[in-house]
Amino acid sequence: MGSEDILRPMSEAPKDRSYILAQFYQPDPEYNSHAWHGRTFAIRHEGYTEPSGYDMGWSLFPGYGGCSDRMFSGWMPIPEALRTTPETGREE
């Protein structure tokens with residue numbers, strides 16, 4: 001994603017099932033213990049269960065969800081130029 005200066009805290013990320021770009025947490029740039037560390041993903045928050053309000057976490061990709069805020073260094077909105085829909089190729 002480039003500079004971490006543009007990343008916002010995960011506590012400020014929208015939790016409304018809209019997609020955002022988020023950088024997977026990298027504990028030490030000199031030691032990349034996992035292929036995902038430091039990489040950017042388009043993620044969305046899966047919401048809360050009723051009636052308990054259990055936080056279902058972030059969906060990293062199909063089949064891998066339930067990620068907590070602390071698994072990411074930060075987030076940013078998806079740039080307008082990259083927003084598309086399957087039907088039109090552009091976000092309406």
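This text goes with the structure placed above it.
First, a word on scope: everything that follows refers to the structure included in this document. (Residues numbered from 1 in each chain as written. Predicted model: local features only at pLDDT ≥ 70, side-chain atom pairs only at ≥ 80, totals over all residues. Heavy atoms only, no water.)

### Description of the environment of Ala35
Reasoning step 1: Relative to the assigned elements, Ala35 resides in the loop between strand 1 (19-24) and strand 2 (40-45).
Reasoning step 2: Given a relative accessible area of 48%, Ala35 falls into the partly exposed group. (Helix = DSSP H or I, 4+ residues; strand = E, 2+ residues; numbered from the N terminus. Buried < 20%, exposed > 50% of the residue type's maximum accessible area, 1.4 Å probe, protein only.)

### Some remarks on the packing of aromatic side chains
Reasoning step 1: Under the counting rule described, the total for this entry stands at 3 aromatic pairs.
Reasoning step 2: Consider the rings of Phe24 and Phe41, whose centres lie 6.4 Å apart with planes at 70 degrees: the pair is edge-to-face. Taken together, the positions of Phe24 in strand 1 and Phe41 in strand 2 put the pair 17 residues apart, joining distant regions of the chain. The same class applies to Phe24 and to Phe41, which are both buried.
Reasoning step 3: On the numbers, 5.8 Å between centres and 85 degrees between planes, the contact of Phe24 with Phe72 is edge-to-face. (Phe/Tyr/Trp six-rings, centres within 6.5 Å; stacked < 30°, edge-to-face > 60°.)

### Notes on the nonpolar core
Reasoning step 1: Counting 12 residues, the largest nonpolar core is built from Met10, Ala13, Ile20, Ala22, Phe24, Phe41, Ile43, Trp58, Leu60, Cys67, Phe72 and Trp75.
Reasoning step 2: Mapped by element, the contributors of at least two residues to this core are strand 1, strand 2 and strand 4 (72-76).
Reasoning step 3: The dominant element in this core, judged by the number of residues it contributes, is strand 1, at 3 residues.
Reasoning step 4: Every residue in contact with Phe41, bar those within four places of it in the chain, is listed here: Ile20, Leu21, Ala22, Phe24, Trp36, Leu60 and Phe61. (Core = buried A, V, L, I, M, F, W, Y, C linked by side-chain atoms within 4.5 Å. Contact = heavy atoms within 4.5 Å.)

### A few points about the side chain of His45
Reasoning step 1: Within the fold, His45 resides in strand 2.
Reasoning step 2: Of note is the side chain of His45, whose polar atom sits 2.7 Å from the side chain of Asp55.
Reasoning step 3: The contact partners of His45, leaving out residues within four places of it in the chain, are Pro14, Lys15, Arg17, Asp55, Gly57 and Trp58. (Polar contact = N/O pair within 3.5 Å; in protein donor to acceptor, adjacent residues only side chain to side chain.)

### Some remarks on the sheet that holds strand 4
Reasoning step 1: Pairing within the open sheet is antiparallel, and its 4 strands lie in the order 3-2-1-4. Strands with a single pairing partner mark the edges of an open sheet, and in this sheet they are strand 3 (58-59) and strand 4.
Reasoning step 2: Pairing geometry for strand 2 and strand 3, over 2 bridges, is antiparallel. What sits directly across from Arg44, in strand 3, is Ser59. (Pairing = 2+ DSSP bridges.)

### Thoughts on the pairing of strand 1
Reasoning step 1: Most of strand 1 is tucked away: 5 of the 6 residues are buried.
Reasoning step 2: Bridging between strand 1 and strand 2 involves 5 bridges; their strand directions are antiparallel. Counted as the bridge partner of Ala22 is Phe41 from strand 2.
Reasoning step 3: Of the strand pairs in this sheet, strand 1 and strand 4 are connected by 4 bridges, and their pairing is antiparallel. Its bridge partner being in strand 4, Phe24 is matched across the sheet by Phe72.

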